[in-house]
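Secondary and tertiary structure notes
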Amino acid sequence: TDPAMIRNFCIIAHIDHGKSTLADRMLEVTGVVEKRQMRAQYLDRMDIERERGITIKSQNVRLPWAGVDKRGYTLHMIDTPGHVDFTYEVSRSLAACEGAVLLVDAAQGIEAQTLANLYLAMENDLTVIPVLNKIDLPAAQPERYAAEIAHILGCDPDSILRVSGKTGEGVEELLDQIVADIPAPVGDADAPARAMIFDSIYDIYRGVITYVRVVDGRISSRERIKMMSNGTTHELLELGVISPDPTPVMSLGVGEVGYLITGVKDVRQSRVGDTVTLLNRPAATPIGGYRDPKPMVYSGLYPVDGSEYPLLRDALDKLQLNDAALMWEPETSTALGFGFRCGFLGLLHMEIVRERLEREFDLTLISTAPNVVYRVVTDDGSELHVTNPSDWPEGKIAEVHEPVVKCTIIAPTEFTGAIMELCQSRRGNLQGMDYLSETRVELRYMMPLGEIIFDFFDSLKSRTRGYASLDYEEAGEQLSDLVKIDILLQGETVDAFSAIAHKDKAYAYGVRMTAKLRELIPRQQFEVPIQAAIGSRIIARETIRAIRKDVLAKCYGGDITRKRKLLEKQKEGKKKMKMVGRVEVPQDAFIAALSTD
Ligand code: GDP
Ligand code: MG
C-alpha cells in the first residue's frame, strides 16, 4: 500500500464514553463486519473485558474507506487499553499512530482519563480530532461540553464533530475527517526494515501473535526477523493484517500495521516497544522508547487450600505466557503456608490476574495487602529495593524513598473541599487546579503511590457521590519517613501482617490490626498478647484472655466426665489450625483479617 493512502489512528476516551461501541460502528460502516454478524463490542474478546466493559488487551483492525475524493484509503484503527496500569502499552499504541480521535461523552464531558490520554497523544505529536459522542441521549449537552473541549484544545467549538456510536449518526463524517486531517505515515521505504511492536498476545493454537507498525523498509513473509532489544532471531511463519479476522499478506511496508507469527510461545520473547528488523539486512538503531515492564505493586498470593499450591504454580506459569508484566517467585508464610510473591503493573492488573487465576484455573486464593517498591539506603551505604515487608533491613536505615504519582482528578466544583481533604489525608501535595467550566474542576496532586493502592479510588468515589474521575502517572520518587510495623502474637511476628507505612500512620495501622485480630482469634488456654511494634518498640497492644478457667467453671466443680468431654471438644475445634509459637490460630482468622472490608 502506498503510504500516502494510509491513515493510522486510535480512539482515546474515558471508560464508558463509548469507544468500543464507536469501533463497532466503524467496522460496520466500512463493511468489514456485516450488520447481521455484528455483536456488541466485537473487538473486546476476553471474557473479563466484556463483563467489566473495559479493554485490557488492545485489538487493531484494518478498515477500507473511500474518502471524500473516492480514492480508496486504508485506515488502521488501533484500540488502546483503557486503564492507568497500562500507560506504557497505551503510549506504544499511540506511537504507532499519526492521529487520535478524542472521544467525549456528550452527557458527561471531559474526565480524568480523557485528559491523561490526551496528554500522552500530544507527547507523541498526534493530530487530535475531538468528537462528542452519544448525542442521541436526551441528557446530552453537546454545546456545553464542546465549549469545555474547545477550552482545552484551543479550537473552535463548532468544528467539533457530533456523533452517536449507537445510532451511527456522524460516523461516516468522522471517517472522512480522519482521512482529511490525520497525516499519512512517512518513512524510508529503502532503508533496512524497522517495525515497532505495540502489542503481543498469546494464542493457545498459534503461539504468540505480535502486532507491529512498520516504520521503515519492508518486512516480507518467510524472512528471518531479529528483535533489536536482545538480538534473538526468529523464523517468520506468517505475516498478516486483521480485517476483522487475521488475513495473511506477502509483505508489510512503510506505515502499515499488521501482525506476525514466529512460533514463539511466550510473550516475553516479543515485547511491547521492541523493534523488529530483518536478520539479512538489520537496521543500525532501534526505534526509541523501549523499556522493560516494571511491576509497581507487589502482593503475596496463597491458595486457601494448601493442597492447591502446585496448581497455582502451574496456573501462574500459563498466565505468564500472555502477560509479560506479571512477575512471581515462591514465598512461604507462617500464617498462610506456601504461596507466591507477585509483582503487578498496578491495582487493576493485580485484580485481573487474581480473577483470571480463580476463574480460568478454578483456584480459591487469598492475597496479602499490596505494597509498592521502596528504595532503602542503610547506614553502611548499601541500597536495596524492598518489594516485601519481610525484606525490610534490620539495621539502621539512612533513607527511604517511595514512588510518587501525578494524579489528575476531575469533579463537580461542589466536591473540591472533600477531595482536598481526602488527598491531604493521603499525604498528597496540591500541584495545581483549573476550572474546566464554572461547574467542573481539575485538581492535580503529587501523591505517594502507596497511598493510592489502598482504596483511594473507592474513597474518592464515595466522597463525590461517584462523580469524580481519577487518573495518575508515575512521577519518580520522594524521600519519606517510612517504617515497618510488625504484628506479634505472644511475641512471635506474624509475617503476613507486617506492613510498611508512613510514621504518622503506623499507630493507626497497629491499633486497627491488633483490634481486628483480637476479634478473630479464639481464646486459648493462656493469655495471648497481640502487639504492634516498630522494631522493638511496642505501639499498640490487645490481649486475648485465657479461656480455661471459664470452661471449667461451667462444670460446677464435680462432674469429671463432663469436664473431659468439654476439653475434647475443644481439641476437635483445633483442626485446620496454624501454630504461631504456642498460639493456635484457625486459618480462617488470618484470611478474615487480611481481606479488606
Ligand atoms: P468504552 O468503555 O469507551 O469502550 O464504552 P462502551 O462502548 O463500552 O460504551 C459504554 C456504554 O455506553 C454502553 O452501555 C454503550 O451501550 C453506551 N453507549 C456507547 N455509545 C453510545 C451512544 O452513542 N449513545 C448511547 N445512547 N449510548 C452509547
Ligand atoms: Mg471498551
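Because the structure is predicted, anything quoted here is derived from the model rather than measured. (Residues numbered from 1 in each chain as written. Chains lettered and ligands numbered in written order. Predicted model: local features only at pLDDT ≥ 70, side-chain atom pairs only at ≥ 80, totals over all residues. Heavy atoms only, no water.)

**Here's the deal with the overall build of the protein**
Going by this rule: In this text, helices come from DSSP runs of H or I with a minimum length of four residues, and strands from runs of E with a minimum of two, each type numbered from the N-terminal end. Residue burial is assigned from relative accessible area. The probe radius is 1.4 Å, only protein chains are included, and a residue is buried under 20% of its type maximum, exposed over 50%, and partly exposed in between. For every accessible area listed, the method is Shrake-Rupley and the probe measures 1.4 Å; residues are considered covered only by the protein chains on display.
Across its full length, the protein carries 15 helices and 33 strands. Across the 597 residues that make up the protein, the buried fraction comes to 54%. Just so you have it, the protein exposes about 26,700 Å², and 50% of that area is on carbon and sulfur atoms.

**Regarding the packing of aromatic side chains**
Let me state the cut-off plainly: Aromatic rings from Phe, Tyr and Trp, with only the six-membered ring used for Trp, were paired whenever their centres fell within 6.5 Å, and each pair was classed as stacked if the ring planes differed by under 30 degrees, edge-to-face if by over 60, and tilted otherwise. Charge-over-ring placement is defined geometrically: NZ (Lys) or CZ (Arg) within 6 Å of the ring centre, and within 35 degrees of the ring normal.
Evaluated as defined, the whole model comprises seven aromatic pairs. When the centroid spacing of 5.7 Å and the interplanar angle of 35° are considered together, the rings of Phe-497 and Phe-590 count as tilted. Here Phe-497 is found in the loop between strand S28 (492–493) and strand S29 (499–502), whereas its partner Phe-590 is found in helix H15 (residues 587–594), with 93 residues between them in sequence. Here the two residues Phe-497 and Phe-590 agree in accessibility, since each one is buried. An aromatic cluster of three or more residues is present, and its members are Tyr-309, Trp-328, Phe-338 and Phe-340. Lying over the aromatic face of Phe-526, Arg-582 brings its terminal NZ or CZ to 4.0 Å of the ring centre.

**Examining the pattern of salt bridges**
Worth spelling out the cut-off: Put simply, a salt bridge is a Lys or Arg side-chain nitrogen that is within 4 Å of an Asp or Glu carboxyl oxygen.
What the rule picks out here adds up to 31 salt bridges. As a salt-bridge pair, Glu-28 and Arg-25 come within 3.4 Å of each other at their nearest N and O atoms. Taken as a pair, Glu-28 and Arg-25 lie in helix H1 (residues 19–29) at a separation of three residues, close to a single helical turn. By relative accessible area, Glu-28 is classed as buried at 18%. By relative accessible area, which is 14% here, Arg-25 ends up buried. With a closest N to O distance of 3.2 Å, Asp-216 and Arg-194 form a salt bridge.

**Notes on the sheet that holds strand S5 (residues 127–133)**
Quick reminder of the rule: Being paired, for any two strands, means DSSP has found at least two bridges between them. In this analysis, two residues are considered to be in contact whenever any of their non-hydrogen atoms come within 4.5 Å of each other. Here an axis means a line fitted to C-alpha atoms, over the contact stretch when the element is a helix, while the angle between two N-to-C directions is reported on a 0 to 180 degree scale.
The sheet built from six strands is open, its strands ordered S2-S3-S1-S4-S5-S6 with mixed pairing. The open sheet has two edge strands, strand S2 (60–65) and strand S6 (161–162), and neither has a second partner. In terms of strand pairing, strand S4 (residues 99–105) meets S5 through seven bridges, oriented parallel. Directly across from Asp-105, in S5, lies its bridge partner Asn-133. Helix H5 (residues 142–153) contacts S4, S5 and S6 of the sheet and is inclined by roughly 165° relative to S5.

**Here we look at the nonpolar core**
Across soluble globular proteins, nonpolar side chains show a tendency to be buried alongside one another. Here is the rule we go by: In this description, a nonpolar core means a group of buried Ala, Val, Leu, Ile, Met, Phe, Trp, Tyr and Cys residues linked to one another through side-chain atoms lying within 4.5 Å.
Formed by 45 residues in total, the largest nonpolar core has its most connected members in Leu-357, Tyr-374, Ile-409 and Phe-456. By size, the runner-up hydrophobic cluster in this structure holds 35 residues, among which are Leu-102, Leu-132, Ala-146 and Leu-436.

**Focus on the UniProt feature "binding site: GTP" (unreviewed entry) in the protein**
Formally: UniProt positions are given in the numbering used here, feature names are shortened, and annotations may be inferred rather than shown by experiment.
In the numbering used here, UniProt assigns the feature "binding site: GTP" (unreviewed entry) to Asp-16, His-17, Gly-18, Lys-19, Ser-20, Thr-21, Asn-133, Lys-134, Ile-135 and Asp-136. Note that Thr-21 resides in helix H1. Not counting residues within four places of it along the chain, the set of residues in contact with Thr-21 comprises Gly-165 and Lys-166. Topologically, Asn-133 is positioned in strand S5.

**Quick look at the sheet that holds strand S10 (residues 224–227)**
Across the sheet, which stays open at both edges, the eight strands sit in the order S11-S10-S16-S7-S8-S15-S12-S13 with antiparallel pairing between neighbours. Of all strands in the sheet, those with a lone pairing partner are strand S11 (233–235) and strand S13 (246–248), marking the two edges. Taken over all neighbouring pairs, the strand axes of this sheet differ in orientation by 40° on average, direction set aside.

**Comments concerning the side chain of Gln-113**
Note the cut-off: Distance and chemistry together define a polar contact, namely a pair of N or O atoms within 3.5 Å, with one atom able to donate a hydrogen and the other to accept it when in protein, and with adjacent residues in sequence counting only for side-chain atoms on both sides.
Along the chain, the position of Gln-113 falls in helix H4 (residues 112–123). At a separation of 3.3 Å, a polar atom in the side chain of Gln-113 contacts the main-chain amide nitrogen of Ile-15.

**What about unusual backbone geometry?**
Looking along the chain, the bond that leaves Ser-243 and enters Pro-244 is cis, with omega of -10°. Even without being a glycine, Lys-70 presents a positive backbone phi close to 55°. Summarising the element assignment, Lys-70 is placed in the loop between S2 and strand S3 (73–78). A positive phi is found at Asp-125, a non-glycine position, where the angle reads about 60°. On the secondary structure map, Asp-125 appears in the loop between H4 and S5.

**Here we look at the packing of helix H9 (residues 416–425) against helix H11 (residues 456–463)**
Where we set the bar: Any angle that falls under 35 degrees is termed roughly parallel, while one over 145 is termed roughly antiparallel, one within 65 to 115 roughly perpendicular, and all others oblique. Crossing handedness follows the turn of the near helix against the far one: under a right angle anticlockwise gives a left-handed crossing, and clockwise gives a right-handed one.
The interhelical angle for the contact between H9 and H11, taken along N-to-C directions, is 160°, at an axis separation of 10 Å. With respect to H11, the axis of H9 lies roughly antiparallel. Once H9 is placed against H11, the crossing between them reads as right-handed. Packed against H9, whose contacting residues are Ala-418, Ile-419, Glu-421, Leu-422 and Cys-423, the element H11 presents Phe-456, Ser-459, Leu-460 and Arg-463 at the interface.

**With respect to the packing of H1 against helix H6 (residues 171–181)**
Here is the rule we go by: Each residue gets one of three labels, nonpolar for Ala, Val, Leu, Ile, Met, Phe, Trp, Tyr, Cys and Pro, charged for Asp, Glu, Lys and Arg, and polar for the others, Gly among them.
Running from N to C, H1 and H6 cross one another at 85°; their axes reach a closest spacing of 10 Å. Relative to H6, H1 is oriented roughly perpendicular. For the pair formed by H1 and H6, the contact residues are Leu-22, Arg-25, Met-26 and Val-29 on the first element and Val-171, Glu-172, Leu-174, Leu-175 and Ile-178 on the second. Partitioning the contact of H1 with H6 into residue classes produces seven nonpolar, no polar and two charged.

**Here we look at the side chain of Glu-238**
When you line up the elements, Glu-238 lands in strand S12 (residues 238–242). Judged by its relative accessible area of 15%, Glu-238 falls in the buried class. Side chain to side chain, Glu-238 and Arg-206 meet in a polar contact 2.6 Å long. Beyond its immediate chain neighbours, meaning those up to four positions away, Glu-238 contacts Arg-206, Pro-248, Tyr-259, Leu-260 and Ile-261.

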